[in-house]
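Listed here are the chains, written in short residue letters.
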Amino acid sequence: MPDLEALAGLTRFERTAALDAWLAELLAEAVTGTPRPRPRRGAPPPVGLQGVALVAVGSLGRREPPPHGDVDLVLVHDGRPEIAALADAVWYPVWDAGLRLDHSVRTVPEAVAVASADVRAGLGLLDARCVAGDAGLAAALRSATLASWRQSASRLLPQLRDLRRGRARQLGELAFLLEPDLKEAYGALREGQVLRAVAAAQLADEPTAEAEEAYAFLLDVRDELRRRSGRPTDVLVRQEQRPVAVALGLPDEDALLREVSLAGRRLGFVADETWRRVEAALVRRPRGRYRRVRREPLAEGVVRQGDEVVLARDARPAADPGLVLRGAAAAARADLLLSPYTLKVLAVHSPPLPEPWPSEVRWSFLRLLASGRPAVAVLEQLDQEGLLSRLLPEWDRIRSLPQRHPWHRFTVDRHLVEAAAAAAELTRDVGRPDLLLVGALLHDIGKGRPGDHSEVGEPIAARIATRMGFSEPDVATLAAMVRHHLLLPDTATRRDIDDSATVDRVAATIGQDPALLHLLHALAQADGAATSSSAWSPWKAHLVAALVARVQARLGGTPVPEPEPVLHPGRPQVSTDDSTDASTGISVGVEDVADGQQVTIVAPDRHGLFSQLAGVLALNQLDVRAAKVNVVGGRATAVFAVRPRFGRAPVASILADAVRAALEGTLPLADRLRQREADYRQDAVRATPPRISWHNGEVTGDATGIVEVRAGDRAGLLYRLTAALATEGLAVTSARIETFGADAADHFYVCNPSGNPIAADQRSRVEAALVAAVRGAASDPVAGRGDTPG
């Protein structure tokens with residue numbers, strides 16, 4: 001009986017040999033009652049083992065069993081009547097050893113019948129390998145299975161393709177997952193097995209050496225993952241990434257994830273090309289004479305041939321530096337792909353581009369980017385053949401670079417390609433579509449280097465733009481786009497855009513340039529669309545557009561009316577739902593706005609009012625994204641932009657009752673929110689201390705400072721933070737609330753009700769109170785003081 005822990009510590013070759021030897025002993029003992037050594041390769045089976053063979057399929061059949069893996073076995077026989085007892089004598093010791101067993105007993109015709117009807121069974125039997133017994137019988141099984149697979153390929157391969165595409169929709173692509181499934185995600189180990197199965201059907205070539213190398217690396221990662229975790233898992237979770245990286249000799253978990261991404265992209269790319277070949281091969285040709293495929297010229301040196309783009313007969317790649325981009329642009333514009341052979345020829349023979357790029361080359365590059373979605377697949381082709389890095393040497397630094405931010409769907413390089421594709425849909429909104437496309441492709445080029453990626457990327461983008469042949473003013477504009485590509489979304493979501501100081505700061509940052517403003521607006525939209533729907537919600541788009549309108553009005557670039565405020569404190573509300581209590585003076589209105597609702601609450605002014613209102617909204621499952629307070633004649637009007645976590649916002653009467661109870665003290669907000677917090681992982685929240693910063697030079701009006709708090713999100717966090725501010729004597733006049741996955745970034749416009757500036761000692765007390773609030777130790781705000789709500 002094997003020692004499972006000892007097996008886990010062996011190499012795949014050693015583990016295969018150990019399992020094979022043990023299983024051979026089990027079969028020999030089951031047949032004869034006496035253990036026998038495994039016979040030499042090619043030797044006839046001992047008497048008693050003729051007509052029966054123990055065949056390994058799956059990972060053991062491929063000689064790549066992982067630690068703590070399943071054992072997949074088929075007991076093949078020629079009709080022996082005692083086969084059931086023989087099978088039990090083999091299976092039970094395997095179970096007793098603690099191994100998970102997938103088993104079957106078949107004759108060769110039975111196995112072939114199952115393989116021809118079930119694509120999964122057929123795929124597994126392609127890996128059949130004789131472990132013990134009658135090698136001739138096992139060879140007959142393999143030959144019959146292979147013949148059946150080839151005969152049934154036109155029916156089984158489309159099923160296999162649909163299975164893999166379904167898994168891709170369910171699990172995602174290995175190349176872009178932060179916690180990838182190393183076995184079943186698209187581009188994972190299963191893809192390597194599928195490629196061999198398609199080659200066995202004689203519809204594609206055997207996997208390339210690069211694909212086999214990627215497959216072997218993923219096997220190494222899975223083996224180490226299982227060895228370190230001690231479990232039969234295929235998901236590379238975050239907490240296991242560092243020990244696996246160290247075991248494989250990689251610097252850190254990001255290096256590991258990058259190598260996994262590169263391997264997944266290679267296997268996924270080869271799989272995509274293979275399925276295109278399979279689909280073309282399975283299309284039945286019409287009866288009669290073979291029709292020649294028409295060749296249609298697309299651009300100088302490239303033609304369309306069937307469903308792909310190939311080189312023209314008179315093309316001279318070695319003497320034509322612009323052919324790569326010209327061909328790529330022609331393919332994308334026709335929504336086609338370059339043929340694999342054409343890619344290989346271009347990779348081998350294309351000379352380096354002259355610097356700066358000739359205008360014709362730059363024009364081809366812009367045509368490629370302007371193609372939109374079709375350009376994504378073509379750029380991936382250029383990347384996989386190493387051609388993109390030749391055009392942009394800086395690309396290697398960000399290639400398959402993981403992004404740990406929960407909003408990002410892609411690696412850095414793929415995100416840039418997706419952003420350029422999204423920008424192609426916005427080119428009619430700007431005066432310089434060429435700068436928008438290139439700026440979108442380069443806006444995160446500074447990632448993967450020390451420092452702020454916007455600042456680091458600015459000189460890199462300028463260097464690339466100069467090499468592309470852009471003029472000095474255009475180079476400066478592209479560099480500014482990279483430097484300030486987060487200016488609009490960050491300002492819109494973290495500052496009060498109705499504050500004139502906010503508008504002035506943005507205008508000064510962009511150098512009073514209306515053209516740059518519109519380019520940054522389009523770039524922000526493309527960047528958000530390429531990130532995720534969470535990163536670019538209708539609410540965020542509304543805020544950014546409102547900010548752009550205010551800055552444009554300030555710059556006077558075009559005549560526009562003075563923009564309406566995003567939130568409307570103090571003005572009468574046209575509410576779809578309204579509740580007013582004359583006895584308490586509390587009024588609540590709810591109306592639909594972009595991507596959520598706006599809740600307007602009018603109540604008598606009191607110290608800590610803002611915090612209590614935030615607590616009521618939290619109890620009603622409303623996420624606050626922005627807030628503004630106005631006080632006139634002792635009455636406060638607070639306006640909150642909210643988004644319900646579930647369904648719609650509660651009716652105004654329910655909110656009004658809760659507000660009244662909170663102000664009267666009959667609704668214990670702190671206790672109720674503490675109960676709600678029990679649903680959150682508080683240990684994870686408290687593990688990382690919050691980051692608190694002040695921005696005192698960016699405000700006008702009543703506020704004398706902006707305090708920014710970044711912390712782990714939790715139920716009632718906004719209530720606790722505003723309670724802490726009120727406890728330390730600060731009033732909140734407006735707020736911008738943002739959530740990034742499990743993290744919150746809250747910005748509060750604050751002031752002392754007395755009008756005094758915020759002194760250093762008060763800042764220290766406020767910071768300590770905010771830290772305590774994040775950790776859940778903040779006290780409730782003091783009620784009853786009649787000054788501006790805090």
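Residues numbered from 1 in each chain as written. Predicted model: local features only at pLDDT ≥ 70, side-chain atom pairs only at ≥ 80, totals over all residues. Heavy atoms only, no water.

K.L.:
Even after reading the chapter, I still don't get the overall build of the protein chain, so can you show me in this structure?
P.N.:
Secondary structure summary: the protein chain contains 32 helices and 17 strands in total. The proportion of buried residues among the 790 residues of the protein chain is 56%. Sequence separation of 24 or more characterises 69% of the internal contacts of the protein chain that already satisfy a separation of 6 or more. Accessible area of the protein chain: about 34,000 Å², with a carbon and sulfur share of 51%. (Helix = DSSP H or I, 4+ residues; strand = E, 2+ residues; numbered from the N terminus. Buried < 20%, exposed > 50% of the residue type's maximum accessible area, 1.4 Å probe, protein only. Contact = heavy atoms within 4.5 Å. Areas by Shrake-Rupley, 256 points an atom, 1.4 Å probe, with all protein chains shown as cover.)

K.L.:
Even after reading the chapter, I still don't get the sheet that holds strand 2 (residues 71-77), so can you show me in this structure?
P.N.:
Across a sheet, paired strands are connected by hydrogen bonds in the backbone, their directions being either parallel or antiparallel. Strand order in the open sheet formed by four strands is 3-2-1-4, and the pairing between neighbours is mixed. Lying at the two open borders of the sheet, with one neighbouring strand each, are strand 3 (101-107) and strand 4 (129-133). Sheet twist, expressed as the average angle between the axes of neighbouring strands with direction ignored, equals 25°. Across four bridges, the pairing between strand 1 (residues 52-57) and strand 4 is antiparallel. In the sheet register, Val55 faces strand 4, and the bridge partner there is Cys130. The strands touched by helix 2 (residues 12-32) within the sheet are strand 1, strand 2 and strand 4, with strand 4 carrying the most contacts at an inclination of about 40°. Along the sheet face, helix 5 (residues 108-117) touches strand 2 and strand 3 and points at about 120° away from the line of strand 3. (Pairing = 2+ DSSP bridges. Axes fitted to C-alpha atoms, helices over the stretch in contact; angles between N-to-C directions.)

K.L.:
Honestly, helix 8 (residues 153-171) in this entry has me stumped. Any pointers?
P.N.:
Given 3.6 residues per turn, any residue in an α-helix points the same way as the ones three and four places further on. With 19 residues, helix 8 extends 26 Å between its outermost C-alpha atoms, agreeing within 8% with the 27 Å of an ideal straight helix rising 1.5 Å per residue. Once helix 8 finishes, Gly172 follows within two positions and takes phi at roughly 90°, a positive value. (Expected span 1.5 Å × (residues − 1).)

K.L.:
Explain the pairing of strand 5 (residues 295-299) here, please?
P.N.:
Two faces belong to every sheet, and in a regular strand the side chains alternate between them. Bridge analysis of strand 5 against strand 6 (residues 302-305) gives four bridges, and the strand direction is antiparallel. Within strand 6, the residue paired with Pro297 across the bridge is Val303. In textbook terms, the turn of a hairpin is the stretch between consecutive antiparallel strands, and for strand 5 and strand 6 this stretch comprises two residues, one of which, Gly301, has a positive phi near 95°.

K.L.:
Can you help me understand the sheet that holds strand 5 in this one?
P.N.:
If you walk across this open sheet you meet the four strands as 5-6-7-8, and the pairing is mixed. Strands at the two margins of the open sheet, each flanked by one partner only, are strand 5 and strand 8 (337-338). In terms of strand pairing, strand 7 (residues 308-311) meets strand 8 through two bridges, oriented parallel. In the sheet register, Glu308 faces strand 8, and the bridge partner there is Leu337.

K.L.:
Mind showing me how you'd approach the nonpolar core here?
P.N.:
Soluble, globular proteins show a tendency: their nonpolar side chains are buried together. By size, the foremost hydrophobic cluster in this structure holds 99 residues, and its most contacted members are Leu368, Leu382, Trp395 and Val551. Ranked by the residues each element gives to this core, the list is headed by helix 25 (residues 514-531), at nine residues. Of all hydrophobic cores here, the second largest spans 57 residues; its members include Phe640, Tyr719, Leu730 and Val732. (Core = buried A, V, L, I, M, F, W, Y, C linked by side-chain atoms within 4.5 Å.)

K.L.:
For this particular structure, what's the right way to read the pattern of salt bridges?
P.N.:
In a structure, side chains of opposite charge can pair up when their charged atoms sit close to one another. For the structure on display, the rule yields 51 salt bridges. With a closest N to O distance of 2.7 Å, Arg190 and Glu184 form a salt bridge. Since its relative accessible area comes to 14%, Glu184 is described here as buried. Each of Arg164, Arg167, Glu184, Arg190 and Glu191 takes part in a single network of salt bridges with overlapping partners. (Salt bridge = Lys/Arg side-chain N within 4 Å of Asp/Glu carboxyl O.)

K.L.:
Quick question: what am I supposed to make of the packing of helix 10 (residues 209-229) against helix 12 (residues 253-282) here?
P.N.:
Helix-helix packing is characterised by the crossing angle of the two axes and by the distance between the axes. The geometry of helix 10 relative to helix 12 is characterised by a closest axis approach of 9 Å and an angle of 135° between their N-to-C directions. Put simply, helix 10 runs oblique to helix 12. Considering how the two elements wind past one another, helix 10 and helix 12 form a crossing that is left-handed. Between helix 10, through Glu210, Ala211, Ala214, Tyr215, Phe217, Leu218 and Val221, and helix 12, the contact on the second element is made entirely by Leu256, Glu259, Val260, Ala263, Arg266, Leu267 and Val270. Considered class by class, the residues forming the contact of helix 10 with helix 12 number eleven nonpolar, no polar and three charged. (Parallel < 35°, antiparallel > 145°, perpendicular 65-115°, else oblique. Left-handed = near helix turned anticlockwise from the far one by under 90°. Nonpolar A, V, L, I, M, F, W, Y, C, P; charged D, E, K, R; others polar.)

K.L.:
Would you mind going over the packing of helix 21 (residues 453-468) against helix 22 (residues 472-483) with me for this structure?
P.N.:
Here helix 21 crosses helix 22 at 155°, and the two axes come no closer than 8 Å. By the angle between their directions, the pair helix 21 and helix 22 is classed as roughly antiparallel. Considering only the axes of helix 21 and helix 22, their crossing is right-handed. Residues Ser454, Glu455, Gly457, Glu458, Ala461, Ala462, Ala465 and Thr466 of helix 21 touch helix 22, and the partners they reach there are Val475, Leu478, Ala479, Val482 and Arg483. In terms of residue class, the contact of helix 21 with helix 22 is built from seven nonpolar, three polar and three charged.

K.L.:
Sorry, what's going on with the pairing of strand 12 (residues 622-632) here?
P.N.:
Strand direction decides the pairing type here: strand 12 and strand 13 (residues 635-644), joined by ten bridges, are antiparallel. Its bridge partner lying in strand 13, Asn630 is registered against Thr637. From the end of strand 12 to the start of strand 13, which pair antiparallel, there are two residues, and Gly633 there has a positive phi angle of about 60°.

K.L.:
I would appreciate a short explanation of the side chain of His695 in the present structure.
P.N.:
Mapping His695 onto the fold places it in the loop between strand 14 (691-694) and strand 15 (705-712). For His695, the side chain forms a polar contact with the side chain of Ser693, separated by 3.5 Å. At 2.9 Å, the side chain of His695 forms a polar contact with the side chain of Glu708. Not counting chain neighbours up to four residues away, the residues in contact with His695 comprise Arg495, Gly705, Ile706 and Glu708. (Polar contact = N/O pair within 3.5 Å; in protein donor to acceptor, adjacent residues only side chain to side chain.)

K.L.:
Can you walk me through empty space enclosed by the protein in this structure?
P.N.:
To locate leftover empty space, one rolls a probe as large as a water molecule over the atoms. Inspection of the entire model under this criterion finds three cavities of 30 Å³ or more. In this model, the largest cavity occupies a volume close to 90 Å³. Taken together, 14 residues form the lining of the largest cavity, with Ala175, Phe176, Leu177, Leu178 and Pro402 sitting closest to its centre. Across the lining of the largest cavity, the residue classes tally to nine nonpolar, four polar and one charged. (1 Å grid on protein atoms, 1.4 Å probe; cavity = no way out; pocket = protein on both sides within 12 Å on 5 of 7 lines; lining within 4 Å. Points joined across faces, edges and corners; volume = space filled by probe spheres on them.)

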